[in-house]
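# Chains, contacts and geometry: an overview
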Amino acid sequence: MHSNKGEIRIIAGEYRGRRIKVASRPGLRPTPDRVRETLFNWLGQWLDGLSCLDLFAGSGALGFEAASRGAARVVMVESDRAAVAALEAARSKIGARSVELVHGDANEYLARAHERFDVVFLDPPFRQNALPAVLERLEGRLAQAARVYIESAAPAAPGERWRELKRARAGQVSYQLFEWRGDDQGGLPRHV
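The structure reproduced in this document is the subject of the present report. (Residues numbered from 1 in each chain as written. Predicted model: local features only at pLDDT ≥ 70, side-chain atom pairs only at ≥ 80, totals over all residues. Heavy atoms only, no water.)

### Some points on the pairing of strand β7 (residues 142-152)
Taking burial as the measure, the 11 residues of β7 include nine buried ones, the bulk of the element. Pairing of strand β6 (residues 117-122) with β7, which is carried by five bridges, proceeds in the parallel orientation. Directly across from V120, in β7, lies its bridge partner V148. Tracing the backbone out of β6, into helix α5 (residues 131-138) and back to the parallel element β7 gives a crossover that is right-handed. Relative to strand β9 (residues 173-180), β7 is paired through six bridges, and the arrangement is antiparallel. Pairing of S152 across the sheet is with S174, part of β9. (Buried < 20%, exposed > 50% of the residue type's maximum accessible area, 1.4 Å probe, protein only. Helix = DSSP H or I, 4+ residues; strand = E, 2+ residues; numbered from the N terminus. Pairing = 2+ DSSP bridges. Right-handed = clockwise from strand over helix to strand, strands pointing away.)

### A short note on the packing of aromatic side chains
A full pass over the atoms with the stated rule returns six aromatic pairs. Ring-pair connections join several aromatic residues into one group, and the members of that group are F40, W42, F121, Y149 and Y175. (Phe/Tyr/Trp six-rings, centres within 6.5 Å; stacked < 30°, edge-to-face > 60°.)

### Side note on the environment of E179
Assignment of secondary structure puts E179 in strand β9. Under the relative-accessibility criterion, E179 is labelled buried at 12%. C-alpha of E179 to C-alpha of K93: the two residues are 86 residues apart in sequence and 33 Å apart in space. Setting aside its immediate chain neighbours within four residues, E179 contacts A145, A146, R147, R161, W162, R163 and L165. Of the polar contacts made by the side chain of E179, one reaches the side chain of R181; its length is 3.1 Å. (Contact = heavy atoms within 4.5 Å. Polar contact = N/O pair within 3.5 Å; in protein donor to acceptor, adjacent residues only side chain to side chain.)

### A look at the pattern of salt bridges
Overall, the coordinates contain 12 salt bridges when judged by the stated rule. Salt-bridge contacts for K21 lead to E7; the nearest nitrogen and oxygen are separated by 3.8 Å. Here K21 is found in strand β2 (residues 19-21), whereas its partner E7 is found in strand β1 (residues 7-9), with 14 residues between them in sequence. For K21, a relative accessible area of 58% translates into the label exposed. (Salt bridge = Lys/Arg side-chain N within 4 Å of Asp/Glu carboxyl O.)

### Points about the nonpolar core
Ranked by size, the top nonpolar core spans 33 residues in total, and within it L39, F64 and F121 carry the most contacts. Mapped onto this core, the elements with two or more residues apiece are α1 (33-43), α2 (61-68), β4 (73-78), α3 (81-94), β5 (99-103), β6 and β9. The contacts of F64, once residues within four sequence positions are left out, are I10, Y15, I20, S59, M76, L87, A90, R91, I94, A96 and V99. Counting 26 residues, the second-largest nonpolar core is a separate cluster that includes L55, V75, F117 and I150. (Core = buried A, V, L, I, M, F, W, Y, C linked by side-chain atoms within 4.5 Å.)

### Some points on α2
In an α-helix there are 3.6 residues to a turn, and that puts residues three or four apart on one side. Burial runs high along α2: eight of the eight residues are buried. Positive backbone phi, approximately 95°, marks G70, located one or two places after α2.

### Structural notes on the pairing of strand β3 (residues 51-54)
Residues of β3 alternate between two faces, with S51 and L53 on one and C52 and D54 on the opposite face, all of them buried. As paired elements, β3 and β4 share four bridges and run parallel to each other. In the strand pairing of β4, D54 is matched with M76. In this fold, β3 hands off to α2, which returns the chain to β4; that crossover is right-handed. Relative to β6, β3 runs parallel, the two being bridged by three bridges. Bridge pairing links L53 to V120 in β6.

### Quick notes on α5
Those residues of α5 lying buried are L131, V134, L135 and L138. Each buried residue of α5 lies within a common arc of 100° when the element is viewed along its axis, so the set occupies one face. Looking at the buried residues of α5, the elements they touch are β3, α4 (106-112), β6, β7 and β8 (162-170). (Arc of directions from axis to C-beta.)

The following block contains the structure:
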């Protein structure tokens, strides 16, 4: 049975099997089931008590999956109004109370947010080359040893304060999981 192109299915957790509608917007690519399954295997399946940031939320596939798997808080940031409306409808349909929706630009959100996150999902539109600026702004929003998932056209290399934990490819998409090491006091001073 094939799934409707305009829907995604939550794979595991409290909302397992629930389907949510996806806004049909140019460039919106919901993370495929197989990739999401791999990602949550990497993260250890459950995110109990963690706070998560889904920065280019789009379909909400990653954020809703995180909420389903016990995340205490999931902030979804999305700039497209139609996508935000679809996210709001999905949130109320499945009753995902831990999800907070922010309609706005990812960089502006990072500039004004004060919270630190344990897990961050970064799946920016491929054409915008948004990653370098976003990663720089993101650093101040990361908890110690935060894990950051990056989905992009080519593998990202965010720099020496990041440790790559996992990497895979699916078709035209590279996906990676990094651990933030920026607060690591064990390393050498940066200005040697």
